[in-house]
Amino acid sequence: MWEVQGVRSAVAIGVFDGVHLGHQHVLKTLTKRAAEIDGVAVALTFDPHPLEFVDPARAPKLLTSIDERAEVMESCGVGIMGVLPFVQIRDLEPRLFAAEILSYRLNAAWVAVGDNFRFGHNRSGDPELLARVGSELGFEVDVVSMVGDDEHDVVSSTRIRAELGHGRVSEAARLLGRRFSLTGPVVHGDARGRSIGFPTANLHIPERMAVPADGVYAVFAEVAGERFPAVVNIGVRPTFGVNMRAVEVHVLDFSGDIYGEEVEIEFVERIRGEQRFDSLEALTEQIARDVGTARSLLSERNGKDA
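What you see is a predicted model; the values in this text were computed from it and never measured.

A. Structural context of a nonpolar patch on the surface. Where nonpolar side chains cluster on the molecular surface, the patch consists of F53, V54 and V87 and spans about 240 Å² of accessible area. Topologically, F53 is positioned in helix α2 (residues 51-54).

Structure below.
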């Protein structure tokens, strides 16, 4: 269990799904406050998402796994990312949460929350209560508002999911501050791609993760520690009459057996929507054009910039 000893901490609490530009603004403030007290920067997140327990029908698809969240937070200077098991803390009285988690375990000197933050049994705690309890326990509380982007709209995980839902992966990347990615193991498929000259790897993406709209995308794929240009098809493959949605990646300039391997795909641009073709020949010709388009796009953006 994460714990801070010997120094004070600055703490930010939130889901932080995506660790997008809005979150990064909070984390920048967090690390600055931690430096001012010569302490450690702590970000507390939740797994599963609280709505999976409170209102499962409204629980959103996730932009980042816990491991991905931790990786991005570390790059932002966060010293400790603590995962709050919501099912274990949801019934804590607000004062007990503040005392046990923030004061005793984390030795907090400063705590940042959003203006809609609720905590404790029956969501009875709010920022005002946390500030009152914090004054008794020796930590300061700041309410951090959502920040906007160049378009003056609030940067939020909900907005990014909407962009992905329309296939606008480059706009999602702008709001994230990096390209959107998915990671999953390669599982056995029906090998239809191989039969038409474009072998694909089928990725198993957990049901809880957000996936861009159906279509064909230019991506970079990381396979066995190496990065390759690739084309991804997301959809139900209507030409073959398949109804099960799949994420299939055709890795360019690569050959080898990667069944069971973890593959990360980093979305660069949408090439087109999913289509049904009247013949395999028409499909094959279009895939060849998609590969050419992907090569052109990826050669122009062969870096980490979105």
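B. View of the sheet that holds strand β8 (residues 215-223). Sheet architecture is closed into a barrel: six strands sit in the order β6-β7-β10-β9-β8-β11, paired in antiparallel fashion. Across the sheet, the axes of successive neighbouring strands diverge by a mean angle of 45°, strand direction being ignored. One ladder, built from three bridges, connects strand β7 (residues 201-203) with strand β10 (residues 246-251); its direction is antiparallel. Each bridged residue has a counterpart across the sheet, and for N202 the counterpart in β10 is E248. Together, β8 and β11 (262-272) form the strand contacts of helix α8 (residues 169-176), whose direction differs from that of β11 by roughly 120°.

C. Broad picture of the pairing of strand β6 (residues 181-187). Note that β6 and β11 share five bridges and pair antiparallel. For T183, the partnering residue across the bridge sits in β11 and is E264. For β6 and β7, the ladder comprises two bridges, and the chain directions are antiparallel. Its bridge partner being in β7, V186 is matched across the sheet by L203.

D. Here's a closer look at unusual backbone geometry. Geometrically, the link from D47 to P48 is a cis peptide bond, its omega value of -5° lying close to zero. Considering the arrangement of structural elements, one finds P48 in the loop between β2 (40-46) and α2. The phi torsion at D38 lies on the positive side, around 55°, for a residue other than glycine. For D38, the location among the structural elements is in the loop between α1 (21-36) and β2. Take D38: its relative accessible area is 65%, and that puts it in the exposed class. In the Ramachandran plot, N122 falls in the positive-phi region, its phi being about 55° despite a non-glycine side chain. With respect to the helices and strands, the residue N122 is situated in the loop between β4 (108-113) and α6 (127-137).

About the criteria used
Residues numbered from 1 in each chain as written. Predicted model: local features only at pLDDT ≥ 70, side-chain atom pairs only at ≥ 80, totals over all residues. Heavy atoms only, no water. Patch = residues over 30% accessible without salt bridge, like charges linked within 9 Å, V, L, I, M, F, W, Y side chains within 5 Å. Areas by Shrake-Rupley, 256 points an atom, 1.4 Å probe, with all protein chains shown as cover. Salt bridge = Lys/Arg side-chain N within 4 Å of Asp/Glu carboxyl O. Helix = DSSP H or I, 4+ residues; strand = E, 2+ residues; numbered from the N terminus. Pairing = 2+ DSSP bridges. Axes fitted to C-alpha atoms, helices over the stretch in contact; angles between N-to-C directions. Contact = heavy atoms within 4.5 Å. Buried < 20%, exposed > 50% of the residue type's maximum accessible area, 1.4 Å probe, protein only.

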